[in-house]
Amino acid sequence: SKEHGQLHFLVIPLGSPGHYIPTMDIAKLLAQHGVRVTIVTTPVSVVRFGSILDQAIKSGLPICFLELPLQYTDFGLPEGCETIDALPSFGMTKALMVAYNSLQQGVEQYIEKLNPRPNCIVSDTFLLWPRETAKKFQIPRIIFDGMSCFTQMCNHVLYLSKAHESVGESDLFVLPGLPDRIELKRSQLPFAFNPGLKDMYDFQQNIRASESEAYGVVINSFEELEKEYADRYQRVKGDRAWCIGPLSLCHKDESEKVQRGNKSSINKIECLEWLDSQANGSVIYACLGSISRVEPTQLIELALALESSKKPFIWVVRAGHMTENIEKWIDEEGFLERTKERALLIRGWAPQILVLSHPAIGGFLTHCGWNSILEGVSAGVPMVTWPQFQDQFYNEKLVVQVLRIGVSVGAQIGVNGALFGDEEKPGVVKHEQLRGAIEMVMGDGKEGEDRRKRAKELSVMANKAIEVGGSSHENMTRLIEDIRNQVN
Ligand code: UDP
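Residues numbered from 1 in each chain as written. Predicted model: local features only at pLDDT ≥ 70, side-chain atom pairs only at ≥ 80, totals over all residues.

### Digging into the overall build of the protein chain
Scanning the protein chain from N- to C-terminus turns up 20 helices and 15 strands. In terms of overall size, the protein chain behaves like a compact globule, its C-alpha atoms giving a radius of gyration of 22 Å where 488 residues would be expected to give roughly 23 Å. Relative to its full complement of 488 residues, the protein chain shows a buried share of 49%. Look at the contacts in the protein chain between residues 6 or more apart in sequence, and 69% of them connect residues 24 or more apart. (Helix = DSSP H or I, 4+ residues; strand = E, 2+ residues; numbered from the N terminus. Rg over C-alpha atoms; globule rule 2.2 N^0.38 Å. Buried ≥ 20, exposed ≤ 12 C-beta atoms within 10 Å, placed from the backbone. Contact = placed C-beta atoms within 7 Å.)

As structure tokens, then:
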């Protein structure tokens, strides 16, 4: 009977590591809960990210890929370039989004031939076409945007109050009606509140319209982390917002830790050996995510701060973006020579989860991407926060002010303008600021102690949330039951 038939979900990720990786994890969790999953993606992305699910598929979980080719040159994209981190400039994001529309036809042809039809679509919120497809075939659509409940609520109160509209660009103002007193500047808000960035702004308004029509939302978070915000967001979404994270923990029982997304410049063994040789809690891990385009001058400030912190450190320099300038500086300065006793430089892609869960790590200097924050929380590591754009200034507030497991480097202005080649210059952070924050987090003082203790407590909660009976596990069960009820 239908009631006992296996549910079938289409899962549609966005081509950006920070979205793609957790979406693979959602697919795995659904399959572990007995749902058959088809991931709609491209051949290039399967090669790059598919291995995240190798173990899961090998162990017999019902996951498969529907691979549809993407047109590149038609949309002005370099051949084979289909993830945000691989774009030559951030301004091409829009072209990429348009290119992704070309998947729609193939997916609809696939659905037409299926009997019964898929029961649910889980799609990245940045993809707009699944809205039409879901409507056409009357399939409930659940969206995933990779952000926290805290961020959702910050956005929500701004949309309602328009509090940002009546203040100057660099005035601090309070986000009204939140459980905590959250103060930000307009220049720190996400694109959705910056009409100056016309393309991104318009795009965000379309996303918002698409979200308001979706059946529900899945969130990579766990309720215990941000209880009041999760409760409120639930109310906003009529109880169809499910916190099912931290998603990255769904691989923690696998003997072989997964490589999430890319080959590293350094092999895992080498990296672990280096970490093994360091004292517990002594190393600062600095990584600014997969898409941030931090100015070389700012990266130099970071390098100087790491050096003067006198702590052992891992510094990840992301591939592609103005790397020559940084390499030149490293070379000319003899930076690696000066720091060789205690530095590990990773060029390109770091095995971040593996690094963060090593006992030698004592702090995480992060750009505050939500995945990175949750990975830090899951590993129980306190943070040094250096937000750049989008939801990252919100995430910093959550980490520093609400959870009190981090110290801000004091970044003032988002790089939103700079990303799009605007005249506006991003805020400049000095190495003294960076070093001060590192010392506070890594230091022996009570400040450091308290943060470390709280980070450890949150890590225990995170790991409980995903176990059978834990809040995130229960929420996944509820979500699937909800969809089953729709079917019947
Ligand atoms: N990541 C990684 N190695 C790197 C850079 C990033 O494994 O060198 C992973 C990281 O663990 C996280 C994701 O890529 O899961 C980045 O997502 P996040 O939301 O933190 O930031 P974004 O890159 O989207 O700005």
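### Topic: the nonpolar core
By size, the foremost hydrophobic cluster in this structure holds 135 residues, and its most contacted members are Ala27, Val218, Tyr285, Ala286 and Ile314. Top contributing element to this core by residue count: helix 1 (residues 17-32), with eight residues. (Core = buried A, V, L, I, M, F, W, Y, C linked by C-beta atoms within 7 Å.)

### Description of the sheet that holds strand 8 (residues 216-219)
One open sheet holds the seven strands; their spatial order is 3-2-1-4-5-8-9, and the pairing between them is parallel. Strands with a single pairing partner mark the edges of an open sheet, and in this sheet they are strand 3 (63-67) and strand 9 (241-243). Averaged over all neighbouring strand pairs, the angle between strand axes comes to 25 degrees, with direction disregarded. (Pairing = 2+ DSSP bridges. Axes fitted to C-alpha atoms, helices over the stretch in contact; angles between N-to-C directions.)

### A closer look at the packing of helix 18 (residues 431-442) against helix 19 (residues 446-465)
Helix packing for two helices is described by the angle between their axes and how far apart those axes are. It is the contact of helix 18 with helix 19, at a shortest axis distance of 6 Å, that shows an interaxial angle of 70 degrees. Comparing the axis directions of helix 18 and helix 19 gives the class roughly perpendicular. Along its contact with helix 18, which presents Met440, Val441 and Met442, the element helix 19 presents Glu447, Gly448 and Arg451. Tallied by class, residues from the contact of helix 18 with helix 19 come to three nonpolar, one polar and two charged. (Parallel < 35°, antiparallel > 145°, perpendicular 65-115°, else oblique. Nonpolar A, V, L, I, M, F, W, Y, C, P; charged D, E, K, R; others polar.)

### Focus: the site of the ligand
Among the 19 residues in the neighbourhood of the ligand, the closest are listed as Gly18, Gly289, Ser290, Gly369 and Ser372. Secondary structure elements with two or more residues in the shell around the ligand: helix 1, helix 14 (352-356) and helix 15 (370-379). If one sorts the elements of the shell around the ligand by residue count, helix 15 sits on top with four residues. Split into classes, the residues belonging to the shell around the ligand amount to nine nonpolar, eight polar and two charged. (Near = placed C-beta within 6 Å.)

### Some points on the packing of helix 7 (residues 149-161) against helix 9 (residues 227-236)
For the pair helix 7 and helix 9, interaxial distance at closest approach is 8 Å and the crossing angle is 55 degrees. Put simply, helix 7 runs oblique to helix 9. As helix 7 packs across helix 9, the resulting crossing turns out to be left-handed. Taken together, the residues of helix 9 that come into contact with helix 7 (itself represented by Cys149, Phe150, Gln152, Met153 and His156) are Tyr229, Ala230, Arg232, Tyr233 and Val236. Of the residues that constitute the contact of helix 7 with helix 9, the class distribution is seven nonpolar, two polar and one charged. (Left-handed = near helix turned anticlockwise from the far one by under 90°.)

### Focus on the sheet that holds strand 13 (residues 361-366)
Read from one edge to the other, the open sheet built from six strands follows the order 12-11-10-13-14-15, with strand pairing classed as parallel. Edge positions in the sheet fall to strand 12 (343-347) and strand 15 (406-408), since each of these pairs with one other strand and no more. Averaged over all pairs of adjacent strands, the angle between their axes in this sheet comes to 15 degrees, without regard to strand direction. Relative to strand 11 (residues 313-317), strand 10 (residues 283-287) runs parallel, the two being bridged by three bridges. Opposite Ile284, over in strand 11, you have Phe313 as the bridge partner.

### A word on the pairing of strand 1 (residues 8-12)
Sheet faces and side chains relate simply in a regular strand, where the side chains alternate between the two faces. Across the five residues of strand 1, four count as buried, placing the element largely inside the fold. Pairing geometry for strand 1 and strand 2 (residues 36-41), over four bridges, is parallel. The partner of His8 across the bridge, within strand 2, is Arg36. Handedness of the crossover joining strand 1 and strand 2 through helix 1 is recorded here as right-handed. Sheet topology note: the strand 1/strand 4 (residues 120-124) ladder contains four bridges and is parallel. Bridge assignment links Ile12 to a residue of strand 4, and that residue is Ser123. (Right-handed = clockwise from strand over helix to strand, strands pointing away.)

### Some thoughts on the pairing of strand 2
Along strand 2, five of the six residues are buried, which leaves the element largely enclosed by surrounding structure. Of the pairings in the sheet, the one linking strand 2 to strand 3 comprises five bridges and is parallel in character. In the strand pairing of strand 3, Thr41 is matched with Glu67.

### Re the environment of Leu172
With respect to the helices, strands and loops of the structure, Leu172 is situated in strand 6 (residues 172-174). C-alpha of Leu172 to C-alpha of Ser187: the two residues are 15 residues apart in sequence and 9.7 Å apart in space. Setting aside anything within four residues of it in sequence, one finds Leu172 in contact with Glu183, Leu184 and Lys185.

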